[in-house]
Amino acid sequence: MSASAGHFYDRPMEQAIRHDPARLDAILAFVQSAEKLKDTLRSGITSQGRAESTAEHSWRLCLMAMLFDRELGDFDRLRLLKLCIVHDLGEAISGDVPATQQVAGDGRAAQERADLVTLCAPLPADLSDELLALWDEYSAAASPEAILAKGFDKLETMLQHLVGKNAPGFDYRFNLGYGVKHTARHPLLQQLRRLVDRETRQHVAEAP
């Protein structure tokens, strides 16, 4: 332990910053509600053959954003990770709509936002407002970080399709048209897309 760390932990408890207990309780209540995301299943199948959860998808999305940090250049790293964490939180209430069933104008986005409002109800107003603003930013791809988050989100889904122990007859061709407009908005996303598309075509060629 460093000298500075030791100094911190040796301070008398009464000198520590005292936080508002009601605020802490509210945040913990939200965290407990968000736990439902662990049981919110997606259509993606893991490499062991079980359905993945939205929480697992969000975790790997954050991992991708972190690992490609050097390649992304000038952007707000913390904001990118926040967007990745928040983007599917609303699914804790109404669940996920499989990518293969999503169509424009289906009301899915409005429902997910309404669910996020409900989920955020226990939070202090400043945190609730922040989460909703992040979700809106992601949904509209309204910043460089949101563009990256959306692109990585599509790529993570495509990668799961490729690694999953899918049922016979799985349509790998779906990947080739999925999320194209979002992965075309940054040079790194474009390059990763080409790699994923190449592997997708191999799966298509090998499919019975």
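Residues numbered from 1 in each chain as written. Predicted model: local features only at pLDDT ≥ 70, side-chain atom pairs only at ≥ 80, totals over all residues. Heavy atoms only, no water.

## What to know about helix α2 (residues 21–34)
No. 1: The first and last C-alpha atoms of α2 sit 20 Å apart over 14 residues, in line with the 20 Å expected at 1.5 Å per residue.
No. 2: By the burial criterion, the buried members of α2 are A26, F30 and A34. Around the axis of α2, the buried residues are gathered within 75 degrees of arc, so they sit on the same side. More than 90 degrees from the buried face of α2, the exposed residues found are P21, D25, L28 and Q32.
No. 3: Where α2 is buried, its residues contact α7 (108–119) and α8 (125–139).
No. 4: Capping the start of α2 is the job of one residue whose side-chain oxygen sits 3.0 Å from the backbone nitrogen of A22: D20. (Helix = DSSP H or I, 4+ residues; strand = E, 2+ residues; numbered from the N terminus. Expected span 1.5 Å × (residues − 1). Buried < 20%, exposed > 50% of the residue type's maximum accessible area, 1.4 Å probe, protein only. Arc of directions from axis to C-beta. Contact = heavy atoms within 4.5 Å. Polar contact = N/O pair within 3.5 Å; in protein donor to acceptor, adjacent residues only side chain to side chain.)

## Details of the packing of aromatic side chains
No. 1: Summed over the entire model, instances satisfying the criterion amount to three aromatic pairs.
No. 2: Seen from their ring centres, F68 and F152 are 5.9 Å apart, and the 10 degrees between their planes marks the pair as stacked. A residue pair is termed long-range when its members are at least 10 positions apart, and F68 in the loop between α3 (54–67) and α4 (69–72) and F152 in helix α9 (residues 144–163) qualify at 84 residues. (Phe/Tyr/Trp six-rings, centres within 6.5 Å; stacked < 30°, edge-to-face > 60°.)

## Regarding the nonpolar core
No. 1: With 38 residues, the main nonpolar core has F30, L80, L89, L131, F152 and L155 as its most contacted residues.
No. 2: Among the secondary structure elements, those contributing two or more residues to this core are α2, α3, α5 (77–86), α7, α8, α9 and α12 (187–206).
No. 3: What L131 contacts, discounting residues up to four positions off in sequence, is F30, V86, L89, L116, C120 and L123. (Core = buried A, V, L, I, M, F, W, Y, C linked by side-chain atoms within 4.5 Å.)

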